[in-house]
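# Reading the structure
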Amino acid sequence: MKTVLITGASRGIGAAMARTFAANGCRTVITCRNSEADLLSIKEEIETSYNVPCMAHVCDMGDFKQVEQLFTQLPPVDILINNAGISYFGLLSEMSVADWRRMMDTNLNACFYTCKLAIPSMVAKKEGRILNISSVWGNCGSSMETAYSAAKGGVNAFTKALAKELAPSNIQVNALAPGLIDTAMNHCLSAEDIEALKTEIPADRLGSPEEVALLAWQVVNAPAYMTGQIIGIDGGWF
Ligand code: NDP
């Protein structure tokens, strides 16, 4: 049984991926930073619906000490999905240094922390899969989301570089770049904002977390020769 670690899985895309990987027979490790009750309810749902073990841990993935402590409690991770993320909307000049650091810690540094700790056992087995959840804004940048775009652009470069470093060890590293997905992350947008954005999206709708989860499963199970790719899922937006 493969072990998958999915960070940020108390709701949204992370929870959908946890269900999909569990439904396909994986031992699932899920984390979140604050929403412990939601995380525990996903754990219970997974264990009763899919009959696989699910470990739930509250852990701030942007804090290396907490991530190190988490890994002491885990079996070797076969599949690592760096999904935990936060958004920030506002003018860059008005962003506090603390908010900038939290953005980088959560969306970029966390990928380093988990990879640093997961890679040694993957290298020993000469097998492993790493999938980072990036964003379309990591490719093209978004006004009012400069920090988020910078963090996700960093995730893309991190993905491509690490893929080269790990390909000789048969470890594949890829990223997904979702467009507008219907999760709590976008609940700050008004109905008018959503309608305006939909007019820009050829598919004329938001994507669902389940669609991202299905693609995550397919990419993790893609032929080993596919590595270092940033794969879009955005309804034709970009
Ligand atoms: P949600 O806000 O719905 O969920 C985010 C998850 O990440 C929650 O489980 C949250 O848990 C967790 N999380 C946040 N910070 C931390 C932290 N420091 N440590 C551990 N867990 C944390 O977001 P989505 O599901 O929409 O987003 C998932 C990923 O997809 C993110 O990386 C996001 O950037 C990316 N993405 C989303 C898009 C969208 O349109 N929704 C588009 C493109 C990319 P808690 O609340 O407990 O902190």
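Our structure's up above, just so we're on the same page.
This report concerns the structure included in the present document. Predicted, not measured: the structure shown is a model, and the values here were computed from it.

Looking only at helices and strands, one finds eight helices and seven strands in the protein chain. With the C-alpha coordinates of the protein chain rotated into their principal frame, the extents come out at 45 × 40 × 35 Å. Buried residues in the protein chain amount to 49% of all 238 residues. Counting only contacts in the protein chain whose residues sit at least 6 apart along the sequence, the fraction spanning at least 24 positions is 73%. In the form shown here, the protein chain has an accessible surface area of approximately 11,100 Å², with 53% of it arising from carbon and sulfur atoms.

For helix 1 (residues 12-23), spanning twelve residues, the distance from its first C-alpha to its last is 17 Å, which sits close to the expected 16 Å at 1.5 Å a residue. Summarising burial for helix 1: nine of the twelve residues are buried, a large majority. Among the residues making up helix 1, those that are buried are I13, G14, A15, A16, M17, A18, T20, F21 and A22. Each element contacted by the buried residues of helix 1 is listed here: strand 1 (3-6), strand 2 (27-32), helix 2 (36-50), strand 4 (79-82), strand 5 (128-133) and helix 8 (209-220).

To continue, consider helix 8. Compared with an ideal rise of 1.5 Å per residue, which puts twelve residues at 16 Å, helix 8 spans 16 Å between its outermost C-alpha atoms and is within 8% of the ideal. Within helix 8, burial applies to P209, V212, A213, L215, A216, W217, V219 and V220. Tucked inside the fold, the buried residues of helix 8 contact helix 1, strand 4, strand 5, strand 6 (171-178) and strand 7 (230-233).

Running from N to C, helix 4 (residues 97-125) and helix 6 (residues 146-166) cross one another at 15 degrees; their axes reach a closest spacing of 9 Å. When the axes of helix 4 and helix 6 are compared, the pair comes out roughly parallel. As helix 4 runs across helix 6, the sense of the crossing is right-handed. Residues W100, M103, M104, N107, L108, C111, F112, C115, I119 and V123 of helix 4 lie in contact with helix 6, whose contacting residues are A147, Y148, A150, A151, K152, G154, V155, F158, L162 and L166. The residue inventory of the contact of helix 4 with helix 6, partitioned by class, reads 17 nonpolar, two polar and one charged.

One non-glycine residue, N51, adopts positive backbone phi at about 55 degrees. Secondary-structure assignment places N51 in the loop between helix 2 and strand 3 (54-58). Given the relative accessible area of 70%, N51 is considered exposed. Notably, N170 is not glycine yet its phi reads approximately 60 degrees, a positive angle. Residue N170 is classed as partly exposed on the basis of its relative accessible area of 32%.

As a further point, take the pairing of strand 6. Of all eight residues in strand 6, eight are buried; the element is thus mostly enclosed. Across the two faces of strand 6 the burial is the same, with I171, V173, A175 and A177 and Q172, N174, L176 and P178 all buried. Bridge analysis of strand 5 against strand 6 gives six bridges, and the strand direction is parallel. Looking across to strand 6, one finds that R129 is bridged to Q172.

So, on to the nonpolar core. Across soluble globular proteins, you tend to see nonpolar side chains buried next to one another. Counting residues in hydrophobic clusters, the biggest one holds 33 residues, and the most contacted among them are M17, F21, I81, L131 and L176. For this core, the secondary structure elements donating two or more residues are strand 1, helix 1, strand 2, helix 2, strand 4, strand 5, helix 8 and strand 7. Ignoring sequence-local partners within four residues, the contact set of L131 consists of L80, I81, N82, N174, A175, L176, A216, V219 and V220.

Neighbouring the ligand are 31 residues, the closest being S10, N34, N83, Y148 and T183. Here an oxygen atom of the ligand sits 2.8 Å away from a polar atom, N or O, in the main chain of S35. Separating an oxygen atom of the ligand from a side-chain N or O atom of K152 is a distance of 2.9 Å. Coverage of the ligand by the protein amounts to 96% of the 900 Å² it exposes when considered alone. Every element with two or more residues in the shell around the ligand is listed here: helix 1 and helix 6. Looking at the shell around the ligand residue by residue, the classes come out as 14 nonpolar, 13 polar and four charged.

What counts, and where the lines are drawn
- Residues numbered from 1 in each chain as written.
- Predicted model: local features only at pLDDT ≥ 70, side-chain atom pairs only at ≥ 80, totals over all residues.
- Heavy atoms only, no water.
- Helix = DSSP H or I, 4+ residues; strand = E, 2+ residues; numbered from the N terminus.
- Buried < 20%, exposed > 50% of the residue type's maximum accessible area, 1.4 Å probe, protein only.
- Contact = heavy atoms within 4.5 Å.
- Areas by Shrake-Rupley, 256 points an atom, 1.4 Å probe, with all protein chains shown as cover.
- Expected span 1.5 Å × (residues − 1).
- Axes fitted to C-alpha atoms, helices over the stretch in contact; angles between N-to-C directions.
- Parallel < 35°, antiparallel > 145°, perpendicular 65-115°, else oblique.
- Left-handed = near helix turned anticlockwise from the far one by under 90°.
- Nonpolar A, V, L, I, M, F, W, Y, C, P; charged D, E, K, R; others polar.
- Pairing = 2+ DSSP bridges.
- Core = buried A, V, L, I, M, F, W, Y, C linked by side-chain atoms within 4.5 Å.
- Near = heavy atom within 4 Å.
- Polar contact = N/O pair within 3.5 Å; in protein donor to acceptor, adjacent residues only side chain to side chain.

Nothing here speaks to function; it is all geometry.
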